Amino acid sequence: MATETNTSAHNTGNNSITLGMSLLGGLGMTLMILGAAIGVIGGVNADSTLVGLFVLSGFLMLVAGIGAWLATVRPWENFDDINQPHYHGHHHEETHPEPVPDLLALDEGITPENALPAETTH
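A quick note: this is a predicted structure, and the numbers were derived from the prediction, not measured. (Residues numbered from 1 in each chain as written. Predicted model: local features only at pLDDT ≥ 70, side-chain atom pairs only at ≥ 80, totals over all residues. Heavy atoms only, no water.)

1. Points about the overall build of the protein
Argument step 1. Scanning the protein from terminus to terminus reveals four helices and zero strands.
Argument step 2. Put simply, the protein runs from its N terminus to its C terminus through helices and strands in the order α-α-α-α.
Argument step 3. Considering the protein as a whole, with its 122 residues, one finds that 12% of them fall into the buried category.
Argument step 4. Restricting the contact set of the protein to residue pairs at least 6 apart, pairs at least 24 apart contribute 61%. (Helix = DSSP H or I, 4+ residues; strand = E, 2+ residues; numbered from the N terminus. Buried < 20%, exposed > 50% of the residue type's maximum accessible area, 1.4 Å probe, protein only. Contact = heavy atoms within 4.5 Å.)

Have a look at this one:
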């Protein structure tokens with residue numbers, strides 16, 4: 001059985017810089033969720049300045065993380081195009097199964113009309 005091996009050194013962009021940017025974006029999401037939770041739990045008595053500070057700082061961190069990732073990784077230049085096939089170094093040979101013979105045609109005495117049992121009437 002053949003196994004597929006990847007011999008190309010394709011850089012996926014996963015390193016400490018992209019990890020830091022994802023952590024920055026994740027912390028931003030967490031702060032926005034925490035700010036929303038404080039606002040929901042506090043209801044009318046919630047400190048709107050605190051809620052706004054959490055949501056705004058989280059949003060800015062999320063935007064900064066996404067923007068820095070886009071500037072560093074540049075996915076529109078470095079990722080594969082889904083419309084172009086990638087050569088893996090091997091090919092699959094097409095195998096076509098043998099056709100199954102029509103069992104009704106083998107026995108000349110059976111036709112499609114008499115192949116099914118007759119219906120009984122009550």
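2. Considering helix 2 (residues 48-73)
Quick reminder: α-helices carry 3.6 residues per turn. Residues three or four places apart thus point the same way.
Argument step 1. In a regular helix each residue adds 1.5 Å, so 26 residues correspond to 38 Å; helix 2 covers 37 Å between its end C-alpha atoms and thus fits that length.
Argument step 2. Listed in full, the buried residues belonging to helix 2 are Val51, Gly58, Met61, Leu62, Gly65 and Val73.
Argument step 3. Arg74, located one to two residues past helix 2, shows a positive phi value of around 50°. (Expected span 1.5 Å × (residues − 1).)

3. Remarks on the side chain of Thr18
Argument step 1. Among the secondary structure elements, Thr18 is positioned in helix 1 (residues 16-42).
Argument step 2. Of the polar contacts made by the side chain of Thr18, one reaches the backbone nitrogen of Asn15; its length is 3.0 Å. (Polar contact = N/O pair within 3.5 Å; in protein donor to acceptor, adjacent residues only side chain to side chain.)

4. Brief notes about a nonpolar patch on the surface
Argument step 1. Residues Ile66, Trp69, Leu70, Trp76 and Phe79 make up a contiguous nonpolar surface patch of about 500 Å² in total accessible area.
Argument step 2. A total of three residues in the nonpolar patch trace back to one element, the largest contributor, which is helix 2.
Argument step 3. Relative to the assigned elements, Leu70 resides in helix 2.
Argument step 4. When its relative accessible area of 31% is taken as the criterion, Leu70 is described as partly exposed. (Patch = residues over 30% accessible without salt bridge, like charges linked within 9 Å, V, L, I, M, F, W, Y side chains within 5 Å. Areas by Shrake-Rupley, 256 points an atom, 1.4 Å probe, with all protein chains shown as cover. Salt bridge = Lys/Arg side-chain N within 4 Å of Asp/Glu carboxyl O.)

5. Some thoughts on the confidence of the model for the protein
Argument step 1. Residues at a pLDDT of 70 or more form 58% of the protein, whose mean pLDDT is 77.
Argument step 2. No element of the protein has a lower mean pLDDT than helix 4 (residues 103-106), at 58, and none a higher one than helix 1, at 93. (pLDDT = per-residue confidence, 0-100.)

6. Observations concerning the environment of Val51
Argument step 1. Checked against the element boundaries, Val51 lands in helix 2.
Argument step 2. Overall, the relative accessible area of 18% leaves Val51 in the buried class.
Argument step 3. Each C-alpha atom, one on Val51 and one on Gly35, is 4.8 Å from the other, the two residues being 16 residues apart in sequence.

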